[in-house]
Amino acid sequence: MNQKEVEVLELIRRNPYLSQQEMAERLNMSRPSLANFISNLMRQGKILGRAYVLPEEQTVICIGGANVDRKFLMERPAQMGTSNPASVSGSVGGVARNVAENLGRLGHSVKLLSIVGNDPEWNLIETASSQFMSTEMTKAVDGLSTGTYTAILEPDGEMLLAMADMKIYDSLTPSYIAKNDSVLLSSAFLVIDLNCPVETVEYVRQLAIINNIPLAVIPVSAPKMDRLGTDLAGISWLILNRDEASRHLQMPINSIEDWHQAVEQLLSQGAEAVVITGGKEGAVAGNADGITHYQAMQVDQVIDVTGAGDAFSSAIVHSVMNGKEFESVIHSGMVNAAKTLQSNATVRRELTAVQLQKELEELQ
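Predicted model, so just to flag it, every value in this text is computed and none were measured. (Residues numbered from 1 in each chain as written. Predicted model: local features only at pLDDT ≥ 70, side-chain atom pairs only at ≥ 80, totals over all residues. Heavy atoms only, no water.)

Enquirer: Quick question: what am I supposed to make of the UniProt feature "domain: Carbohydrate kinase PfkB" (unreviewed entry) in the chain here?
Expert: Taking the UniProt record as the reference, the feature "domain: Carbohydrate kinase PfkB" (unreviewed entry) is found at residues 59–346. Between the end C-alpha atoms of residues 59–346 the distance is 23 Å, and the span holds 33% helix and 26% strand. (UniProt positions renumbered as here; feature names shortened; annotations may be inferred. Helix = DSSP H or I, 4+ residues; strand = E, 2+ residues; numbered from the N terminus.)

In structure tokens, the structure reads:
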């Protein structure tokens, strides 16, 4: 789109009931010129029909990984170089997919934009996910293999080692994403994980800036932090852990002072709000109003750490969309993560908006 088309679309987004004459006057152009811009936007699919109704107004679009997860739970502490007794379980996963399921369970309209192989793993993901999200934007491609993630867990549920086959996400290119621009432009919130190539992350960031769409960025691991540039403008929420923040900033984060400084630096790079999590040590979060250390919720027994970070991020997006204050937003993330730690499911099955609100009230 050119700049005038962006201005027309934004005016329609704010008030779709204006007449063409009213829009022309507000944009300081003739009515015939405005009519041409509207016709072009209709051909591009940016607006629908004569009433200029924007599609999918309240939809969250999650962009990134959709995997099959396998977890090996050790019966005893691991011994390297030999066979270790363990039980194995499988489930669907992927950061973007997990966030999408959390948000779907919380009552949001969600679309998953990913890429998968035309294989049994994708059939498993689609069957498990379709109740909570639309998968129509996710394409199954012959000759590619759906992503897989394998975690080895200590008897207490803490991760010992994880292995990931994520080569397929190199095909999540800007041109692949751009085929869905009309839907992306109409979304209420965008979420992207760093399974996506650096060019794709930048493409989505620019799209969010130009169209004033809230954007949450959720890293996948420290090694993939090179997919996040140093210009963070347009990122409404950057949610990462200490290892990921340390890798991005090239600085150690050992003390509370380091932690605060890391959040401050990420805010200075343009992010509107930043949360750096630290497991049992809580999280440090901040925005233009200040930076605060939040204590972690007490968890008596950790059953499985898988999915807790995604639960944290999902509850933040949910609370932001519901207009919660900053502190309440962070507490929502803490609660959902803590409850997920006590579940053997990557996304806890009892999760609903009502249940999460009840759990928050019990904290107070």
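Anyway, onward from the coordinates.
Enquirer: Got a minute to help me understand the sheet that holds strand E8 (residues 159–165) in this structure?
Expert: Each strand in a sheet pairs with another by means of backbone hydrogen bonds, the pair being arranged parallel or else antiparallel. Taken together, 4 strands build an open sheet; the order of strands is E3-E2-E7-E8 and the sheet is mixed. Two strands lie at the open edges of the sheet, namely strand E3 (86–93) and E8, each paired on one side alone. The average angle at which neighbouring strand axes cross in this sheet is 15°, direction not considered. Relative to strand E7 (residues 148–153), strand E2 (residues 67–74) is paired through 6 bridges, and the arrangement is parallel. By the bridge assignment, Val68 is partnered in E7 with Thr148. Along the sheet face, helix H5 (residues 120–129) touches E2 and E3 and points at about 90° away from the line of E2. (Pairing = 2+ DSSP bridges. Axes fitted to C-alpha atoms, helices over the stretch in contact; angles between N-to-C directions. Contact = heavy atoms within 4.5 Å.)

Enquirer: I would appreciate a short explanation of the sheet that holds strand E10 (residues 215–218) in the present structure.
Expert: Ordered in space as E4-E1-E9-E10-E11-E12-E13-E14, the 8 strands form an open sheet in which the pairing is mixed. With one partner strand each, in any of the chains shown, strand E4 (109–113) and strand E14 (290–294) form the two edges of the open sheet. Averaged over all adjacent pairs, the angle separating strand axes in this sheet is 15°, with direction ignored. Both E10 and strand E11 (residues 237–241) contribute to a ladder of 2 bridges, which runs parallel. Opposite Val217, over in E11, you have Leu238 as the bridge partner. Across the sheet, helix H8 (residues 198–211) is in contact with strand E1 (59–63), strand E9 (189–193) and E10; its angle to E9 comes to roughly 165°.

Enquirer: Is there a simple way to explain helix H3 (residues 31–43) in this structure?
Expert: In an α-helix, one turn spans 3.6 residues; hence positions three or four apart end up facing the same way. In a regular helix each residue adds 1.5 Å, so 13 residues correspond to 18 Å; H3 covers 18 Å between its end C-alpha atoms and thus fits that length. For H3, the full list of buried residues reads Leu34, Ala35, Phe37, Ile38 and Leu41. For H3, the angular spread of buried residues about the axis comes to 165°, placing them on one side. Of the exposed residues in H3, the ones pointing more than 90 degrees away from its buried face are Asn36 and Arg43. (Expected span 1.5 Å × (residues − 1). Buried < 20%, exposed > 50% of the residue type's maximum accessible area, 1.4 Å probe, protein only. Arc of directions from axis to C-beta.)

Enquirer: When you look at the side chain of Asp181 in this model, what are you seeing that I'm missing?
Expert: On the secondary structure map, Asp181 appears in helix H7 (residues 181–184). The class of Asp181 is buried, set by a relative accessible area of 17%.

Enquirer: Looking at this structure, I do not really get the state of the cysteines. What am I missing?
Expert: Formally, a disulfide is one covalent bond, and it connects the sulfur atom of one cysteine to the sulfur atom of another. Throughout the structure, instances matching the rule amount to 0 disulfides. Take Cys62: it sits in no disulfide, and the sulfur closest to it among the cysteines is that of Cys196, at 11 Å. Cys62 sits in the buried class, given a relative accessible area of 0%. Of the residues examined, Cys196 reaches a relative accessible area of 0% and is grouped as buried. (Disulfide = S-S within 2.5 Å.)

Enquirer: What's the story with the side chain of Lys111 in this structure? I'm lost.
Expert: Relative to the helices and strands, Lys111 is located in strand E4. Owing to a relative accessible area of 6%, Lys111 belongs among the buried residues under this scheme. Among the polar contacts listed, one links the side chain of Lys111 to the side chain of Glu136, at a separation of 2.7 Å. (Polar contact = N/O pair within 3.5 Å; in protein donor to acceptor, adjacent residues only side chain to side chain.)

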